[in-house]
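Here are the chains, one letter per residue:
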Amino acid sequence: MSGVRLYLSNDTSSCAAGAERLAEAWRQRSDVELVRTSSRGAFYLEPMVERDSPEGRLAWCHVTAEDLPKILAGDGGIPISTIPFLSKQTRHTFVSFGVTEPLSLEAYQAQGGLAGLRNARQGSPSAIIQEIKTSRLRGRGGAAFPVWKKWDVAATAQADRKYVVANADEGDAGTYCDRMIMEGDPFRLIEGMLICAMAIGAGAGYIYCRQEYPAATACLRAAIRAAGKAGWLESDGQPFTIEVVSGAGSYVCGEETALLESLEGKRGVVRARPPHPAQSGLYGRPTIVSNVLTFATIPNILARGGAWHASLGTEGSCGTIALQLGGRVKQPGLIEIPFGLTLREVLDQFGQGMADGARLKAVQVGGPLGSLFTDAQLDIPICFDAFAQADAILGHGGIVVFDDQTDMLELSRHLMAFVADESCGKCVPCRIGSLRAREILDAIQRGQATEADLSLLTELGDTMKATSLCGLGGRAPYPVLSALEHFPVEFRSRLRS
Amino acid sequence: MLGSMRYAVKTPLPNGLDELLTHARPAEGAPPNILRVLHAIHDVCGYIDPRFIPAIAQSQGVTEADVAGVLSYYPSLNTQPSGRHRIQVCLGESCLANRCDRVVAAIQSQLGIELGQTTSDSRFTLEPVACVGNCAVSPSVRIDGELHGRVRPSDVAGFLDRYR
């Protein structure tokens with residue numbers, strides 16, 4: 001193939017923003033060699049086209065098909081290194097994004113891929129777990145549990161079979177970094193799962209991927225085939241199989257025990273714990289269930305050492321965090337930075353403030369179960385401990401910004417209706433509590449509720465927090481009660497007088 | 001025994017499903033997997049006719065109640081055929097913040113149906129979806145396999161025209 005080599009992202013969001021239209025328009029041209037890469041994550045600039053130059057890659061942003069002559073002539077491109085949204089980040093897990101072709105094993109290795117696996121193979125299972133312990137990595141799916149502890153439990157458990165399961169049911173609205181990893185750097189996830197399998201002695205792995213991510217599913221399956229063909233899907237001399245299994249639209253299946261039920265083909269209903277999955281998980285066998293991002297963080301730790309990872313971030317939150325900016329900010333996109341910057345700094349430095357004409361009203365961090373922050377609360381450092389102290393969660397790192405046109409009562413009703421729909425029904429506080437809470441919010445909207453109903457809503461929320469079986473019911477009241485706390489007038493002004 | 005009689009006599013299986021269910025039978029000693037079979041049928045038919053339940057139960061060695069329970073649990077398993085084109089409007093928080101309600105209203109008024117309904121000519125089914133992970137270029141609308149980002153209400157008529 002000849003022609004000028006142009007790099008264009010193949011990520012779902014880039015395509016939805018117009019990259020696919022560009023690819024269609026230019027595919028037949030002999031003067032263009034299109035390379036479909038992962039996305040840089042600077043989605044506000046998409047569709048973005050890049051080409052090589054002596055100063056590194058140059059980028060053209062918000063490109064239309066008619067811009068091609070300009071790009072071929074080299075007019076107007078800006079060096080990637082001068083885009084502050086990207087240059088201010090600390091990319092480790094997302095280092096290859098926008099650079100490589102997702103399914104090129106060669107490119108993956110050229111970027112340092114498989115170095116972690118090689119190191120893992122040279123040591124014992126306990127040496128791997130020790131490295132993870134040194135790294136002080138905590139799970140990235142939301143629970144923030146020390147990863148090495150889980151692995152240690154599963155490694156010491158006696159069983160005929162053990163499993164490694166990647167939780168790719170990225171259901172929190174406002175999050176998309178797992179999707180990006182699966183579509184953009186699938187070998188990193190596979191390598192992380194394999195290292196885990198070696199550490200605990202597992203022979204099979206599953207990736208439970210939500211059905212809303214068809215491109216991720218296809219990309220993973222292709223990557224697993226390629227890794228198998230290249231001969232590195234083995235653990236302890238035995239073949240390690242990985243299967244991608246599709247979810248079926250249930251949010252609660254992102255909860256690890258519900259996910260395991262669903263993997264077994266049953267209703268995705270939460271299991272009571274203990275036993276924890278590391279002791280008794282899939283088909284009653286020791287199982288490590290971790291989020292995609294957690295597994296994708298592992299290869300670098302084994303390649304560069306646990307101490308390297310522990311040196312990043314804050315005391316209790318080591319390493320980097322992948323934040324996903326969405327909503328009414330000027331620059332939505334993926335940000336990887338060490339823990340410790342404040343929420344305000346992230347919104348200012350990366351989000352560049354609000355979209356044109358919009359004024360900030362509230363920020364929700366951590367998906368539909370995350371607490372709401374007002375402007376006055378944005379100086380909170382982004383780390384697990386500060387968020388826990390504030391009764392908030394980092395969750396999976398989703399940040400959605402709402403503007404002053406947002407009706408907080410309607411948002412609260414929407415969030416509670418979501419939980420009522422998605423509750424698995426196993427425990428009463430969540431199944432009945434979310435329904436009653438939604439009814440109260442409905443009644444407020446209709447102007448039929450009283451002050452007593454507001455008290456009941458608060459009481460109901462406290463009961464759900466204290467007694468629900470899993471995080472769905474336990475966290476559901478937080479956004480609603482934080483909305484009520486910060487924007488009481490929007491609720492009280494609609495009570496029956 | 002009862003299951004196999006029903007399977008033979010009453011269950012109306014379209015071509016190919018017999019084979020699919022035989023193929024989906026768990027191996028000796030292996031556990032059943034109801035969701036996997038339901039996915040496979042859904043992929044072929046686009047929905048799961050509840051009349052298939054006895055045959056599915058039989059192929060997996062589980063009760064009909066087990067199958068019905070799984071079928072009714074998962075939101076994306078349809079029990080009725082949908083329209084020729086499936087429109088999914090994302091109602092995730094980033095889409096909400098970016099006024100997806102206006103996009104929904106535009107589609108509804110264009111098609112004359114509500115969320116969850118199919119047009120009378122069976123051309124379009126309009127469904128809500130909780131989040132498609134396209135938050136950075138929201139609001140999002142997926143029509144069949146094609147995902148559209150930064151959708152404005154004024155884009156809707158043009159989109160729909162392409163599927164007529």
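Student: Tell me about the sheet that holds strand 14 (residues 360-365) of chain A, and name the residues and values.
Tutor: In a beta sheet, neighbouring strands pair by backbone hydrogen bonds and run either parallel or antiparallel. Residue and element names in this part refer to chain A. Spatial ordering of the open sheet is given by 13-12-16-14-15, a layout of five strands whose pairing is mixed. Looking at strand neighbours, the two that pair on one side only are strand 13 (333-338) and strand 15 (372-373), the edges of this open sheet. Alignment of strand 14 against strand 15, held across two bridges, turns out to be antiparallel. Among the inter-strand pairings, Val 363 is bridged to a residue of strand 15, identified as Phe 373.

Student: Which residues make up the domain arrangement of chain A, and what are the values?
Tutor: Residue and element names in this part refer to chain A. As far as domains go, chain A holds domain 1 (4-87), domain 2 (113-310), domain 3 (320-403) and domain 4 (408-492). On a C-alpha basis, the centres of domain 3 and domain 4 stand 23 Å from each other. The contact between domain 3 and domain 4 buries some 1,200 Å² in all, and 69% of this surface belongs to carbon and sulfur atoms. Contact with domain 4 buries area across many residues of domain 3, yet Lys 361, Leu 369 and Leu 372 alone supply 47% of it, more than any other trio.

Student: A description of helix 12 (residues 292-304) of chain A should follow, citing residues and the corresponding values.
Tutor: Residue and element names in this part refer to chain A. Within helix 12, eleven of the 13 residues are buried, which leaves the element mostly enclosed by the surrounding structure. Where helix 12 is concerned, the buried positions are Val 292, Leu 293, Thr 294, Phe 295, Ala 296, Thr 297, Ile 298, Pro 299, Asn 300, Ile 301 and Leu 302. By the N-cap criterion, in which a side-chain oxygen at the helix start approaches the backbone nitrogen of a residue two or three places on, helix 12 is capped by Asn 291, the distance to Leu 293 being 2.9 Å. Gly 305 occupies a position one or two residues after helix 12 and carries a positive phi of about 100°.

Student: Give a description of the interface of chain B and chain A that names residues and reports values.
Tutor: Taken together, the contact between chain B and chain A spans 38 residues of the former and 58 residues of the latter. Summed over both sides, the interface between chain B and chain A buries roughly 3,300 Å², with carbon and sulfur atoms accounting for 52% of that surface. On the chain B side of the contact with chain A, Tyr 73, Glu 93 and Ala 136 of chain B bury the most area, a combined 21% of that side's loss. Scanning the region where chain B abuts chain A turns up two salt bridges. Close ionic contact of Glu 243 of chain A with Arg 36 of chain B constitutes a salt bridge, the shortest N to O distance being 2.9 Å. Taken together, the connections running from chain B to chain A amount to 23 residue pairs in polar contact (both at pLDDT 80 or more). Residue assignment for the side of chain B that touches chain A shows that the elements contributing at least two residues are helix 3 (34-45), helix 5 (64-73), helix 6 (93-97) and strand 4 (146-148) of chain B. Among the residues forming the side of chain B that touches chain A, the class breakdown is 20 nonpolar, twelve polar and six charged.

Student: Residue-level account of the packing of helix 8 (residues 177-184) of chain A against helix 12 of chain A, with values.
Tutor: Residue and element names in this part refer to chain A. Following both chains from N to C, one finds helix 8 and helix 12 inclined at 55°, their axes separated by 9 Å at the closest point. Taken together, the axes of helix 8 and helix 12 lie oblique to each other. Pair helix 8 / helix 12 crosses with left-handed handedness. Of the residues in helix 12, those in contact with Cys 177, Asp 178, Ile 181 and Met 182 of helix 8 are Val 292, Leu 293 and Ala 296. Residue classes in the contact of helix 8 with helix 12 are distributed as six nonpolar, no polar and one charged.

Student: Explain the domain arrangement of chain B residue by residue, including any values.
Tutor: Considered domain by domain, chain B is made up of domain 1 (2-73) and domain 2 (85-161). The C-alpha-based centres of domain 1 of chain B and domain 2 of chain B are spaced at 32 Å.

Student: Let's hear about the pairing of strand 14 of chain A: which residues, and what values?
Tutor: For strand 14 of chain A, the buried fraction is high: five of the six residues fall into the buried class. Taking the residues between adjacent antiparallel strands as the criterion, strand 14 of chain A and strand 15 of chain A are bridged by six residues, where Gly 366 of chain A takes a positive phi near 95°.

Student: So what's going on with the sheet that holds strand 5 (residues 78-79) of chain A? Which residues, and what values?
Tutor: Residue and element names in this part refer to chain A. Spatial strand order, 2-1-3-4-5: five strands in an open sheet with mixed pairing. In the strand order of this sheet, the two ends are held by strand 2 (32-37) and strand 5, each with one partner. Here strand 4 (residues 58-60) runs beside strand 5; their pairing, made up of two bridges, is antiparallel. Note on strand 5: the bridge partner recorded for Leu 58 is Pro 79. Each of strand 1 (4-9), strand 2 and strand 3 (49-51) is contacted by helix 1 (residues 12-26), which is oriented at about 150° to strand 1, the strand it contacts most.

Student: Now, about the environment of Arg 5 of chain A: what can you tell me, with residues and values included?
Tutor: Residue and element names in this part refer to chain A. Within the secondary structure, Arg 5 sits in strand 1. The spacing of Arg 5 and Val 32 is 27 residues in sequence and 6.1 Å in space, taken between C-alpha atoms. Those residues in contact with Arg 5 that lie beyond four places of it in its chain are Glu 33, Val 35, Glu 50, Arg 51 and Asp 52.

Student: Go over the nonpolar core, please, and point to the residues and values.
Tutor: The biggest cluster of nonpolar side chains holds 75 residues, and the ones touching the most others in it are Leu 263 and Ile 444 of chain A together with Leu 38, Ile 41 and Ile 56 of chain B. Looking at which element gives the most residues to this core, the answer is helix 16 (residues 408-422) of chain A, with seven residues. Those residues in contact with Leu 263 of chain A that sit more than four places away from it in its chain are Val 165, Tyr 206, Tyr 208, Val 245, Leu 282 and Tyr 283 of chain A together with Asn 33 of chain B. Judged by nonpolar contacts, the second largest core, of 73 residues, contains Cys 177, Phe 240, Ile 242 and Leu 334 of chain A.

Student: Residues and numbers for unusual backbone geometry, please.
Tutor: Residues and elements named next belong to chain A. For the bond running from Glu 46 to Pro 47, omega is 0°, close enough to zero to count as cis. When you line up the elements, Pro 47 lands in the loop between strand 2 and strand 3. Cis geometry marks the peptide bond from Pro 274 to Pro 275; its omega dihedral reads 0°. Mapped onto the fold, Pro 275 is located in the loop between helix 11 (256-263) and strand 11 (287-291). Within the chain, Ala 144 stands out as a residue other than glycine whose phi angle is a positive 60°.

Analysis parameters
- Once a new chain begins, its residue numbering starts again from 1 and follows that chain's sequence as written.
- Chains and ligands are labelled by the order in which they are written, letters from A for the one and numbers from 1 for the other.
- In view of the model being predicted, local features appear only for residues whose pLDDT reaches at least 70, and side-chain atom pairs are presented and counted only at 80 or more, with totals across whole chains, interfaces and linings using the full set of residues.
- As a rule here, side-chain values come from all non-hydrogen atoms in the structure, and water together with hydrogens is ignored.
- Strand pairing is defined by DSSP finding a minimum of two bridges between the two strands.
- Runs of E in the DSSP output that reach at least two residues are strands. Runs of H or I that reach at least four are helices, and both are numbered from the N terminus.
- Start and end points for every domain follow an automatic or database-based domain assignment.
- We define buried area as the total accessible area lost by two parts upon association, computed with a 1.4 Å probe and summed across both.
- Only protein chains enter the calculation, and the probe is 1.4 Å; a residue is then buried if its accessible area is under 20% of its type maximum, exposed if over 50%, and partly exposed in between.
- Whenever two N or O atoms come within 3.5 Å, that pair is a polar contact, provided that in protein one can donate a hydrogen and the other can accept it, and provided that, for residues adjacent in sequence, both atoms are side-chain atoms.
- In this analysis, two residues are considered to be in contact whenever any of their non-hydrogen atoms come within 4.5 Å of each other.
- Salt bridges are defined as contacts in which a side-chain nitrogen from Lys or Arg sits within 4 Å of a carboxyl oxygen from Asp or Glu.
- Side-chain classes follow a simple rule in which Ala, Val, Leu, Ile, Met, Phe, Trp, Tyr, Cys and Pro form the nonpolar group, Asp, Glu, Lys and Arg form the charged group, and the remainder, Gly included, forms the polar group.
- For helices, the fitted line uses only the C-alpha atoms of the stretch in contact; every axis is such a line through C-alpha atoms, and the angle between N-to-C directions lies from 0 to 180 degrees.
- Should an angle fall under 35 degrees it is called roughly parallel, over 145 degrees roughly antiparallel, and 65 to 115 degrees roughly perpendicular, with every other angle called oblique.
- Crossing handedness is read from the near helix: turned anticlockwise from the far helix by less than a right angle, it gives a left-handed crossing, and turned clockwise, a right-handed one.
- We define the nonpolar core as a collection of buried residues of types Ala, Val, Leu, Ile, Met, Phe, Trp, Tyr and Cys that are connected through side-chain atoms lying within 4.5 Å of one another.

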